[in-house]
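What follows is the residue order along each chain.
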Amino acid sequence: MNRVFNFSAGPSMLPLPVLEKAQKELLDYQDSGMSVMELSHRSGLFTDIITEANQLLWEVLHIPDNYQVLFLQGGASQQFAMVPMNLMVNSGKADFVHTGSWSKKAIKEAEKFGEVRVIASSEDKNFTYIPKIDSSMIDPEADYVHITTNNTIEGTAFSQIPDTGDVPLVADMSSNILSEEIDVSKFGLIYAGAQKNIGPAGLTVVIIREDLIGKAPETCPAMLNYKTFSDSDSLYNTPPTFSIYMAKLVFEWLKGLGGLKEMERINREKAQLIYDYLDASTLFASPVEKEGRSIMNIPFIIPGDDLDAAFIDEAKQAGLETLKGHRSVGGMRASIYNAMPMQGVMELVNFMEEFETKNK
Ligand code: PMP
């Protein structure tokens, strides 16, 4: 077996103990004689899996009682439409903070359902920073305010969650959910595709405050209405059973590690190692302003030189995979989600140092 350090933005690495447990249980789950993939979603064994996954997420994120966790499909991209379909229902207005490619898609989709106002944007500097938000910028009539807490492509993240007062705050947390401690009570709704910090692709997690459920109009398709999934404990139709099982194993792993407090400490240490190196380097540089830097996705560039392809190729040969930056921004990007071990980050930094020495 030759596992590499995979710096992919998602789907990305899963914790090795999780993969090993899944492997052990793959052919015969708890003496059922079946794989989880072959279990009915109505069976007792699967009901236990989804109930435990739900409870573990609750525990790890310290979710308050007046929220519900929904296990959905369609990715975060489906939430770009589902959020306005369900929430843009009173004034028909929503305020958005525009911080990159994913917020752009969220805005475009929401515009199909109501009046979207961009209250702040970092487009003027190529999305290399997080704009300041204060409550005076928010329309008190807006049905919600939308932010992207971590911008996967641009490598920026909100270091502080804006105070939106009585207007519900909706957050696309696809690329930093479970990476650090958060106060769920600041949000009306949180959504995330699973394929970074939660588990395999196919599952989308929504954490929604109860008063925001059941507001969609009658014409809203059942599969796009949060109430459908709230009423059925996420079992309205066949859910992505194996992805939910894997998510449960990931939540167990996180809890065993010491929860989000410990995960955040490790993640900050990993990111710091790379940023400290980038800031001292005479070859590489970070394009992102210090205050807005993500601890999950770290883009870096080699200004002036045409060395990107050589770097990516040589890194791959050294077992450091998927370091190419997103096609829209170029350069390189190291995604270091929860499952990336410190060892992988140390090997990356060592490799960068060697590359820098060679190319001085
Ligand atoms: N939002 C963010 C911040 C993302 O990183 C991604 C995927 N990389 C998406 C939305 C889209 O997610 P999905 O592919 O699950 O629809």
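Calculation notes
- Residues numbered from 1 in each chain as written.
- Predicted model: local features only at pLDDT ≥ 70, side-chain atom pairs only at ≥ 80, totals over all residues.
- Helix = DSSP H or I, 4+ residues; strand = E, 2+ residues; numbered from the N terminus.
- Rg over C-alpha atoms; globule rule 2.2 N^0.38 Å.
- Contact = placed C-beta atoms within 7 Å.
- Domains from an automatic or database assignment.
- Nonpolar A, V, L, I, M, F, W, Y, C, P; charged D, E, K, R; others polar.
- UniProt positions renumbered as here; feature names shortened; annotations may be inferred.
- Buried ≥ 20, exposed ≤ 12 C-beta atoms within 10 Å, placed from the backbone.

**Quick word on the overall build of the protein chain**
Check the secondary structure of the protein chain and you find 9 helices and 13 strands. For a compact globule of 360 residues, the expected C-alpha radius of gyration is about 21 Å, and the protein chain comes in at 21 Å, within 12% of that figure. For the protein chain, the spread of C-alpha atoms along the three principal axes comes to 65 × 60 × 30 Å. Relative to all contacts within the protein chain whose residues are 6 or more apart in sequence, the contacts with residues 24 or more apart total 68%.

**Some details on the domain arrangement of the protein chain**
As a measure of interface size, the accessible area lost when the parts come together is often cited. Partitioning the protein chain into domains gives domain 1 (17-257) and domain 2 (260-358). Put simply, the middle of domain 1 and the middle of domain 2, counted by C-alpha atoms, are 27 Å apart. Contacts between the two partners involve 24 residues from domain 1 and, on the opposite side, 24 residues from domain 2. Those elements that place two or more of their residues in the side of domain 1 that touches domain 2 are strand E6 (150-151), strand E7 (156-157) and helix H6 (241-257). Its residues assigned to classes, the side of domain 1 that touches domain 2 shows 8 nonpolar, 12 polar and 4 charged.

**Points about the UniProt feature "binding site: pyridoxal 5'-phosphate" (unreviewed entry) in the protein chain**
UniProt records the feature "binding site: pyridoxal 5'-phosphate" (unreviewed entry) at Ala76, Ser77, Trp102, Thr152, Asp172, Gln195, Asn237 and Thr238, using the numbering of this structure. A maximum C-alpha distance of 30.5 Å among these annotated residues, which run over 163 residues, shows that they spread across the structure rather than meeting at one spot. Tracing the backbone shows Ser77 in helix H3 (residues 75-87). Judged by C-beta crowding, with 16 C-beta atoms within 10 Å, Ser77 ranks as partly exposed. Mapped onto the elements, Asn237 comes out in the loop between helix H5 (226-231) and H6.

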